Each structure stands twice: as structure tokens, then as C-alpha cells.
Amino acid sequence: MKRPARVRALFALAVIAASVFIAVTVPVRLGLDLRGGTQIVLETRSTETVKADGAATDRTLEVLRGRVDALGVAEPSIVRSGDNRIIVELPGVQDPRKAADVLGRTAQLSVHSVLGAATATDKAKEGERLLPDEQTGGQLRLADAALTGQDVKDAEALFDQQSGAGWHVTVDFEDDKGWAKLTGEAACHPAGDPQRRVAIVLDNKIISSPQVDPSVACGAGITGGSTQITGSFTSDEAKELALLVKGGALPVPVETVEQRTVGPTLGAEAIEASAWAAVVGTALTALFIIVVYRLMGVLATLALLCYGLISYAGLAALGATLTLPGLAGFVLAIGMAVDANVLVFERAREEYGARNRPSSRSALTAGFKGAFSAIADSNVTTLIAAALLFVLASGPVKGFGVTLGIGVLASVISALVITRVLAEFAVARRWVHRRPKMTGLASIGRVRTYLTRRDPQLMRHPRRWLAVSAVVLVVAGSGIAVRGLNFGVEFTGGRLIEYSTTNTVDPDHAREALSDAGFPQAVVQSSGDNRLTVRTEELTNAQAVAVAEAIDEAGGGAEKVRDELIGPSLGDELRRNALIALGLALGAQLLYLAFRFRWMFGTGAVSALAHDVVILTGIFAWLGKPIDGVFLAALLTVIGYSVNDSVVVFDRIRELWRKDSKAPLAQVTNRAILQTVPRTVNTGIGVIFILAALALLGGDSLTDFALALLIGMLVGTYSSVLTASPLAIQLDAYGSGRKGGRGRGRGGSGRAKSGAGDRPDRTRTAARTR
């Protein structure tokens, strides 16, 4: 075994061993829909200056969302109930009392000049505050606040290992001048004078009043806008303080009025059905790959099992929360991870047939080499999107970014390392060498044989395909204007009704009863002994009566305990951040594709992606399907799938154009599409098996999810071939002054002028050394 192969084998063993250890020792946290969690009901209180109305409660909710994210709780549910209540549901929280305490603290931070010491009999003058000195136990007279929590830029708990001073909290202020002025005035007093100190007050208590260092000159102050809060902090105390300071002050005080454990929003039957769908779909996909690629298919299946193990271990190691849409996306990713293996095997088949390779071993090596750039580019674009969603978004969109990023990295390791180690070991065996057909690489396959014989000219009239895409886009998109979007409770809010039932009711039975009564989208949770909580869209009086009757019949009698209007769990800020993150992700992908390929290819890929989003959303509008968190997860998955498809086609165009730089782009594109169709078909069939299993066996909870993904996959496959590619041809034609992309490849004489992102010489060099 050569050294590179030995290194790959050792790396694969190390990754698998680490994944097994993590999977066995670290459990994955389950979300509210799979496991349930802790429910905390907070009530906002009015103050002398602020009324606890709906607007103040909404502002408080957004601050609380930041605190929940800082607590490390992924995929929480936070909604406004009525005008002054907030319901927080935290999956997998170990210490609900501590969570309630952190969420409910007002955390009013302020920084003051110290005017001097005071006695117990002194009274505060106008514009002053008297607070206990945390150092001496006496009293300090403080001036009005010079800085407040709104001036805080960041706060972090750190441990000072060099000095051994223990834990402290570093606070960075937005206004550098404000902190410098405050410390500069204090530095004008002699050392030891209380007026040389600066007091940091949290919740009307001095938590630190450090003396300005003697090295600081009078009037100069401490520049940089940063300070340290020191004290006898434990690790937990320092982290909690940093969280409160960074999270900011609540607009109004809140009080915890209720705290209890709630059941999952999905029942045991739905979870069991989804698990069966995952098993059946994965088994069918594996069987298909084995039938098509034989021995290589068996090895790819083993690598895919390793992919699942690595992904699971990654989720566990990062403490990610797994919800049902995330689980379904995870299963779907197994089907999509087949794509990298299919790319390699199809390239190996090409090499074996077209170049008459003497052995499966050399064809396989050439296949990995030829497919590397397509795999790398498609995964880099997906990682860019995942990183931006994680950094800029929050809530379920942030969680999706984590799952997506882990899946991409696991897929790369599975296809380029584990599959390669197994495949190279297998084809090096003598008994395999003697039977090349057994490898599945010695024949080009039926699809490629058919296309080679027929040689259809798909790109002869690229504008026709664009016209078809435009018609479909208008028809589907008009559904948004005609029917409107049926936003789910997560986006619009609705109604929350809690019932106390005579008999214990299984939530699954209650869901079925509500579905039969005409409320299939109602969310049902157990919320204590003989109690059920129903969340649904806004109801008329007649609909509310129908819901009550359904629960009454299911529970052998029911009494309404609570009936309140609730706000959206996916609030305005969360949606705005998600849209910003998505927009930046698309822009970053466009720049990357323009750099790696040409500007017209990047524009074509992103345009096709927007085309897919509008069509999928429009079809759901025509069907009256809900636009909810599950649809959002499906939409994000479709976006990643569409970009990957386009990159594969563009990578082949780049390769063929490099070999024949004077060929018309339409002709090169046609050849590239025909050469990548076998990969598209085989990958698509593998994904369809997963989606069919989810749709047929996953129950009502996954039907819309599977439908959205199936529509998105079909539309994405079409657009990457017959929308993105024709659009790139037209853009190239317009850019070089040619008509329809049918002139010479890069201009009438020589090369066409390229955009700022186009680097033809660099592209050819990179492709040649790939």
C-alpha cells in the first residue's frame, strides 16, 4: 500500500473510531417535537415609566430569545400569549429553575463615577445614588449613570491562567470615548481616594468598583472601551454574569408565573412511523446503488453507513438539538450523500470505456481525480450557505445551518476518504482484477448507452427552454398572488387553548380527533395530569366550539382552563435575520461560482435557485398547504440541492471547454449535460426512494415535508439542466455580442470579454493541475 493510501486508511479509521466513541458516550438532544421539555410562563410587569403592553412584551421576547440562545438551548419555542405573557419551551433543559432565574432577571447594568464614601445616616442628593460598597461593606455615593447596558458591545467570561486571579468578565463598550472620559475623570484623584474608583452596578447592586490604575493619566483615561469585572467568581457565576450583561436589559420586569414539563408536539406513533420511513428509504436507496454499481455499490453503502455515524457523532459533539424536520433532513442527506459516490463511479465508467483503461484500479483512480473538483465546488458552496445561516440566523434556521454543515463535512469524508479506501483495497485484489464486470465500472450503463446512440441536441434552441421555465414560473408564482400564502401558526400566531380532561388522553388520539374535525395542523401537547394544550390558527367562535367538542369526546369530558391569543414563534426579527442570512448566502455563492467558473455560470445557478424557490412556494400556495417551519426546512434543503446540481453540470462544461476552447458554448453545454445525465438520474432515483418512504410511511407530520422536497428535487433537477445552462449560454452570447450562443466559443476571433469575476487563464491552470 502506497503512503497516500495508508494515510487515508489511518485517517478513516481514526474518524470512525472517534465517531463510535462519541456516539456511544454522548447522547443527542432531542427537540420539543420528539421529546418534550420544560415550559416556563413569564408575565411582564408595568413600571412607572413603561406599560407592559403587547409592544413591550414583544421587545422583551426578543431579548429573551437572545438569552435562550446564549444558554445553549437550540430549537426553543418562544411565543407571546395574550398581551403580557410569554411562553418559553426549552427542549432537554437540565436545570429548569436556573433557566427560569436567568430568563426572568431584569439585568439593569450601569456604570457610574464614585463621588465619595457615605455614612449610614447620609441621604442621597438629587442626581446621586447610595449603594453598599462591595469591598468595605460601607456606602458609596454614585453619580448618575454614565454608561448603561445599551452601551455594551460584548461581554465574555474568561479565566486568567497567568496571574491565577481566577474568573473575570470582560466588558466591551460601544462608545470608546465614553469609557475614556469616565476613567480619565477618576484618574484625576489620588490613589486610595474613593473618587478614583468606577462603580459597575447590576440590578441596583455594585458588583465591581475597581480603582483606576496609577499609570492612567488625568484626563487621558483608558482607551479601547474595554474593562474587566473581577471578583470571587466561580465559572458558572462568571458565565451567567456575562450572559446577562451581553443579553441586555429587559424592557420591562418579568415574573415567572408557571413552570412545568410538557410532552412532545408529535406523538409516539408519528415518531415510530418516521423511524420506519427512514429505515425503509435508506434500505431501498442502498439496494438501488448495489444493483447499479455492484461491488462498488456495496462499498458505497458501507461508506454511507459510516456517513450516518459521523453525522450523528458530529451532532452529539456540538450539542445540536435534533427535531423531526432535522431528522428527516438527516435521512434525506443520506440519499443526497450518494451523489458524491455516483459522481466518482460514473467518471470511472467513462474512463474505463472512453480511454480503454487496462484495469478497474486505474479507472477508479482517474474517477476520483476527475470528480474531485465537482465534489469540492458543490460542497464549498453549501458550506458557505451553512456558515452564514449559522452566524446570522437564529432559531430553527440556525439549527438547520448546523445540521447542514455537519452533513456536508461528513459527506466529503465518506465519499473521498472512506469510499476510496474501501474501493482501492477491493480493486487491488487479484480475484476482483480478473472479474472487472463485478466492480460495476466496466460498463457505461444503459442511460449513457442510450444517450450516446441518440445524441439529442438539447441546447440547439436554449431560448425555448427559458420560455418553458418562464411559463412554469408565471403559472406557479401566480398562485402566490391569487391564492396567497397559508402561513402556519409559527409565522402568524393564533390561539392557545388548554383543557382539563376527565380521562387521560393520548395526544395521538387527540390529534386524530382534531384532524377529523377539520384541524389537521393543530399542535397538541400533554401539559400535566389529564391536561392537553392545543395550538392552532385563529379560530371563529364556531371553530372554537368544534375544537372543544373534539377534545370533550376524546377525553370523556373536558373543561377549558385557558384560552389566549398567542404570537408567532418565528417572530419578525427571526424572519428578518433568516432572510438577511439567506440573501448573503446567495450572494456569497454567486461570487464563489463567478470566481471558480465564470460570472454567467454563477448568475445562471443563482437564478435557477430563485426559480426553484418561487415555483415550490407557488405550488404550495395553489394547493393551500401551510407555510410553516417544516416547509422552511424543506425549502432550505431544496436550495442546497439545486446549487449542487448546477455545479456538477458547470464543472463538466469547464472541463470540456478547456479541452476545446473554440467550440460554441451551446455545443459544449450539450455534451456536458449528456455526460452528467447518468449521475443525475441515479442520484435522483436514490433521493426519490427516501422521499417516497417519508411520504407514504412517515404519517401526516411528514407528508407536506416529503411533498415539498419531492417537488423541489424535480424542479431543481430540471432547472439546473434546462434553466441555469440555457441562461448561461444566453448571457455569454449577450456579453460577447453573438446571437443565441451559436458563434465561436469565446468570441468571433479570440476570447469574449469576461466579467470582473472571470479569470480564464487561472481557470484553465486550476483545471489542468486538478
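Structure: see above.
Residues numbered from 1 in each chain as written. Predicted model: local features only at pLDDT ≥ 70, side-chain atom pairs only at ≥ 80, totals over all residues. Heavy atoms only, no water.

Mind showing me how you'd approach the overall build of the protein here?
For the protein, the helix and strand inventory stands at 22 helices and 20 strands. Of all 770 residues assigned to the protein, the portion counted as buried reaches 52%. Put simply, of all contacts in the protein between residues at least 6 apart along the chain, 78% involve residues at least 24 apart. When the accessible area of the protein is evaluated, it comes to approximately 34100 Å², of which 57% is carbon and sulfur surface. (Helix = DSSP H or I, 4+ residues; strand = E, 2+ residues; numbered from the N terminus. Buried < 20%, exposed > 50% of the residue type's maximum accessible area, 1.4 Å probe, protein only. Contact = heavy atoms within 4.5 Å. Areas by Shrake-Rupley, 256 points an atom, 1.4 Å probe, with all protein chains shown as cover.)

Even after reading the chapter, I still don't get the nonpolar core, so can you show me in this structure?
Across soluble globular proteins, nonpolar side chains have a tendency to be buried as a group. Counting residues in each nonpolar core, the largest one holds 41 residues, and the members touching the most others are I289, Y293, M296, F345, L364, I375 and I418. For this core, the secondary-structure elements that each account for two or more residues are α1 (3-25), α6 (268-318), α7 (324-354), α8 (360-392) and α9 (395-427). At 13 residues, α6 tops the list of elements feeding residues into this core. For L364, the residues in contact, after removing those within four places along its chain, are M296, F345, A348, A423, E424, V427 and L441. F601, L722, A724 and A728 belong to the second-largest nonpolar core, a separate cluster that totals 28 residues. (Core = buried A, V, L, I, M, F, W, Y, C linked by side-chain atoms within 4.5 Å.)

Explain the sheet that holds strand β6 (residues 128-132) here, please?
Strands belonging to one sheet form pairs held by backbone hydrogen bonds; the direction of such a pair is parallel or antiparallel. In space, the five strands of this open sheet follow the order β6-β7-β5-β10-β11, with antiparallel pairing throughout. The open sheet has two edge strands with one neighbour each: β6 and β11 (205-208). The sheet shows a mean angle of 50 degrees between the axes of neighbouring strands, taken without regard to direction. Along the sheet face, helix α4 (residues 176-186) touches β5 (109-118), β7 (139-148) and β10 (198-202) and points at about 10 degrees away from the line of β5. (Pairing = 2+ DSSP bridges. Axes fitted to C-alpha atoms, helices over the stretch in contact; angles between N-to-C directions.)

Looking at this model, I keep getting lost on a nonpolar patch on the surface. Mind explaining?
On the surface, F390, V391, L392, I580 and L584 cluster together to form a nonpolar patch covering roughly 440 Å² of accessible area. At the level of secondary structure, the elements contributing two or more residues to the nonpolar patch comprise α8 and α16 (572-596). Examining the composition of the nonpolar patch, we find that three residues originate from one element, α8, more than from any other. Here I580 lies in helix α16. (Patch = residues over 30% accessible without salt bridge, like charges linked within 9 Å, V, L, I, M, F, W, Y side chains within 5 Å. Salt bridge = Lys/Arg side-chain N within 4 Å of Asp/Glu carboxyl O.)

Explain the environment of I690 to me, please; I cannot follow it from the model alone.
Examined against the element boundaries, I690 turns out to sit in helix α19 (residues 665-697). Its relative accessible area of 0% is what places I690 among the buried residues.

Please explain the state of the cysteines as it appears in this structure.
What makes a disulfide is a covalent bond joining the sulfur atoms belonging to two cysteines. Inspection of every chain in the model, using the stated rule, returns one disulfide. With a sulfur-sulfur separation of 1.8 Å, C188 is cross-linked through a disulfide to C218. The sign of the 80 degrees torsion about the S-S bond sets the C188-C218 disulfide as right-handed. Highlighted residues: C188 in the loop between α4 and β10 and C218 in the loop between β11 and β12 (226-233), separated in sequence by 30 residues. In this structure C188 comes out as partly exposed when scored by relative accessible area, which is 40%. (Disulfide = S-S within 2.5 Å.)

Help me understand the side chain of T57 in this model?
Tracing the backbone shows T57 in helix α2 (residues 54-70). Within the structure, T57 has its side chain in polar contact with the side chain of T44 (distance 3.2 Å). Setting aside anything within four residues of it in sequence, one finds T57 in contact with T44, A52, R80, D83, N84, R85 and I86. (Polar contact = N/O pair within 3.5 Å; in protein donor to acceptor, adjacent residues only side chain to side chain.)

Honestly, the pairing of strand β17 (residues 523-526) in this entry has me stumped. Any pointers?
A regular strand places its side chains so that they alternate between the two faces of the sheet. The pairing of β17 with strand β18 (residues 531-536) spans four bridges and is classified as antiparallel. Directly across from Q525, in β18, lies its bridge partner T533. Between the end of β17 and the start of β18, which pair antiparallel, lie four residues, with G528 showing a positive phi angle near 130 degrees.

I'm lost on the pattern of salt bridges in this one. Help?
Opposite charge on two side chains permits pairing when their charged atoms draw close. Counted under the stated rule, the structure contains 25 salt bridges. In this structure, E255 and R45 form a salt bridge, with 2.7 Å as the shortest nitrogen-oxygen distance. One end of the pair, E255, is in strand β13 (residues 254-262); the other, R45, is in the loop between β2 (37-44) and α2, and 210 residues separate them in sequence. Taking the relative accessible area as the measure of exposure, E255 reaches 39% and is therefore partly exposed. For R654, the salt bridge identified is with D651, shortest N-O distance 2.7 Å. Placement of the pair is R654 and D651 together in helix α18 (residues 629-659), with a separation of three residues, close to one helical turn. The buried category is assigned to R654, whose relative accessible area is 9%. Relative accessible area serves as the criterion here: at 2%, D651 is assigned to the buried category. Via salt bridges that share partners, E43, R45, R85 and E255 belong to a single interconnected network.

None of this, on its own, says anything about what the molecule does.
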